[in-house]
Amino acid sequence: MLTAGSGCAGDNAASGAVTTITALDYYTDKSEHTQWGRLLSACGRSAGVRVEHRSVPGPSLVPTVLRQASARELPDVLMLDNADVQQVAETGALTPLSDFGVDTGGYSPGIASAGTYRGKVYGVTPAVNAAVLFYNKDMLDEAGVAVPRTWDELKAAAQRLTRPGRYGMAVSAGNTAESSWQFLPFLWSNGGEETDLGDPRAAQALGLWTDLVRSGAMSRSVLNWDQADVHDQFAAGRTAMMINGPWRISALEKAGDIRWGTAPIPVRERGQSVVTALGGELWTVPTTASPARQAKAAEVIDCLTGRDTMLTVAGQYSTVPARTAVAEEYVEHKPSMAVFADAVEHARARTARVGTAWPKVADRIHRAIQLALTGEKTPAEALAEARRREP
């Protein structure tokens, strides 16, 4: 088990007072880094400290944290993707937020479970997200197509919307965890589980994506698309519908000439409930040798997850305030976010069933997606192959 301790940088040697703390995240995009820097600085001021903010690329964040833990050089405030919290908590590198009185109440079960490891809460967040169906209103109106609510309706709509230079539907099906994240709502809403990829309901979900590609209603290029690529196809009018998250809204609004709408991800048959995969990051207090610095870090996190900051973050990124009551208030003033708020309220954490094994499970899922959509295997065979092979 890893333990860690920070040095005394930022502590007033004479008085023992903490004047500066450090924060680490993966917001390397210039605008995002600046926005989060301002939020951290504001919350630092409310806690009476200056926050030194650093960002590293997303794929290197967890390896960086584990190296820092071994070297006893962890930051005071740490942001993690919600699916990584349990993995890092397992090493002993995080401290339960209850140790410092952080408010962890008011979250939906899915959000709460994402930050919980062995019954203790290690991470909380100001805002979260989930995927929904985006559609081009003009394209659907022109084709006389209703917004699809079931898989059969989705396949029929995608087929009718497909024409030269345009596909009806797009998803991220690349060989990365993004495709696994997009696939989970289809799996879960159909009653399937990532713990049993041999279940026929899992093959049914993968079969939907396979059918869309085989019929020509979805480009085979989705095998190489991440969620940004999917958005670009939609914004350029090269696909009429897509699965994506609310962080794409600001770019769509800037596009100006697209009339778009959102709807819940279709289910296999009416009566099934949509269960989406929770997206977003959680803020944590690493295990260090300075309780005083940890206490200040906890104050900053309490500020980041307060009502006002939740509303600010949700407004900046078109995401959903994490606490249910704040989300309800947000939707009252911004009804267009109701679809996302409902998706988040019923979302499930990727670690809810498999815990720290999620990275391996995600790898198996996107490997199966690749095998099925290339036609190398049937959906059932692809899932069986993924189960047999270790990542």
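This text gives an overview of the structure that appears in the document. Since this is a predicted model, take the numbers as computed values, not measurements.

Burial along strand β2 (residues 50–55) is one-sided: the face carrying V51, H53 and S55 is buried and the face carrying R50, E52 and R54 is not. Judged from the 6 bridges that link them, strand β1 (residues 20–25) and β2 form a sheet pairing that is parallel. Bridge assignment links I21 to a residue of β2, and that residue is V51. In the classification by handedness, the crossover that spans β1, the intervening helix α1 (residues 30–47) and the parallel β2 is right-handed.

Right, let's get into the sheet that holds β2. What the 5 strands build is an open sheet, ordered β2-β1-β3-β12-β4; its pairing is mixed. Lying at the two open borders of the sheet, with one neighbouring strand each, are β2 and β4 (94–95). Where strand β3 (residues 77–81) and strand β12 (residues 281–286) come together, 4 bridges link them in antiparallel fashion. Its bridge partner lying in β12, L80 is registered against L282. Contacting β1, β2, β3, β4 and β12, helix α11 (residues 291–304) runs over the sheet at an angle of about 160 degrees to β12.

This brings us to the sheet that holds strand β9 (residues 167–170). Taking strand neighbours across the sheet as the criterion, the 4 strands line up as β9-β10-β8-β11 in an open arrangement whose pairing is mixed. Two strands close off the open sheet at either side, each with one partner strand: β9 and β11 (260–263). Put simply, the sheet's adjacent strands are angled 15 degrees from each other on average, direction ignored. Helix α6 (residues 151–161) contacts β9 and β10 (239–244) of the sheet and is inclined by roughly 140 degrees relative to β10.

Turning next to helix α12 (residues 307–317). Considered for burial, the residues of α12 that qualify are T309, M310, V313, A314 and Y317. The buried residues of α12 occupy one face: seen down the axis, they fall within an arc of 130 degrees. Buried residues belonging to α12 abut α1, β7 (127–128), α11, β13 (320–321) and α13 (324–333). Of the residues one or two after α12, S318 is the one with positive phi, at around 55 degrees.

It is the contact of helix α8 (residues 200–214) with helix α15 (residues 358–373), at a shortest axis distance of 9 Å, that shows an interaxial angle of 35 degrees. Both α8 and α15 take part in a crossing whose hand is right-handed. Residues L206, W209, T210 and V213 of α8 form the contact with α15, whose participating residues are A368, I369, A372 and L373. Its residues placed into classes, the contact of α8 with α15 shows 7 nonpolar, 1 polar and no charged.

Definitions and limits used
- Residues numbered from 1 in each chain as written.
- Predicted model: local features only at pLDDT ≥ 70, side-chain atom pairs only at ≥ 80, totals over all residues.
- Heavy atoms only, no water.
- Buried < 20%, exposed > 50% of the residue type's maximum accessible area, 1.4 Å probe, protein only.
- Helix = DSSP H or I, 4+ residues; strand = E, 2+ residues; numbered from the N terminus.
- Pairing = 2+ DSSP bridges.
- Right-handed = clockwise from strand over helix to strand, strands pointing away.
- Contact = heavy atoms within 4.5 Å.
- Axes fitted to C-alpha atoms, helices over the stretch in contact; angles between N-to-C directions.
- Arc of directions from axis to C-beta.
- Left-handed = near helix turned anticlockwise from the far one by under 90°.
- Nonpolar A, V, L, I, M, F, W, Y, C, P; charged D, E, K, R; others polar.

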